[in-house]
Amino acid sequence: MIAVLKAKPGMEDRMRAQARSMAEASLAEPGCLSYRNYVDPEDPRAWVVVEEWADREALDAHLASPHLARSLELSGELLAEPPSLKVLAEVD
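No experiment lies behind these values; they were computed from the predicted model shown.

Enquirer: For the packing of helix α1 (residues 12-27) against helix α3 (residues 66-78), give the residues involved together with the corresponding values.
Expert: The geometry of a pair of packed helices is captured by two quantities: the angle between their axes and the separation between those axes. It is at 11 Å that the axes of α1 and α3 come closest, and there the two elements cross at 170°. With respect to α3, the element α1 is oriented roughly antiparallel. In this structure, α1 contributes Arg14, Met15, Gln18, Met22, Ala25 and Ser26 to the contact, and α3 contributes His67, Leu68, Ser71, Leu74, Glu77 and Leu78. For the contact of α1 with α3, the residue count by class is six nonpolar, four polar and two charged.

This is the structure in structure tokens:
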């Protein structure tokens, strides 16, 4: 899954803290193979999160997790616009 996020002006530090928190909690979930946060060096408000899950069931469990629900609650405070989410499937 790929999420594209844009922080509100002045929320870059809080966004970084939230991103670290989400990575730590998500990596502890069963089926999380990788969870990486990237920030645009030319625009510290622009973020991309790249997640890799063992299967759709693991992703669905993540989508129902309490830490993701809390993160979504904070999105109104931190994000300038709704996140763009894209779920991709590996090519065999």
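Enquirer: Let's hear about the sheet that holds strand β4 (residues 84-86): which residues, and what values?
Expert: Taken in spatial order, the four strands make up an open sheet running β2-β3-β1-β4, and their pairing is antiparallel. With one partner strand each, in any of the chains shown, β2 (32-40) and β4 form the two edges of the open sheet. The mean inter-strand angle of the sheet, taken between neighbouring strand axes irrespective of direction, is 15°. Here eight bridges tie β2 to strand β3 (residues 43-53), and the two strands are oriented antiparallel to one another. Bridge assignment links Arg36 to a residue of β3, and that residue is Val50. Of the strands in this sheet, β1 (2-6), β2 and β3 are in contact with α1, which crosses β2 at around 170°.

Rules used throughout
- Residues numbered from 1 in each chain as written.
- Predicted model: local features only at pLDDT ≥ 70, side-chain atom pairs only at ≥ 80, totals over all residues.
- Heavy atoms only, no water.
- Axes fitted to C-alpha atoms, helices over the stretch in contact; angles between N-to-C directions.
- Helix = DSSP H or I, 4+ residues; strand = E, 2+ residues; numbered from the N terminus.
- Parallel < 35°, antiparallel > 145°, perpendicular 65-115°, else oblique.
- Contact = heavy atoms within 4.5 Å.
- Nonpolar A, V, L, I, M, F, W, Y, C, P; charged D, E, K, R; others polar.
- Pairing = 2+ DSSP bridges.

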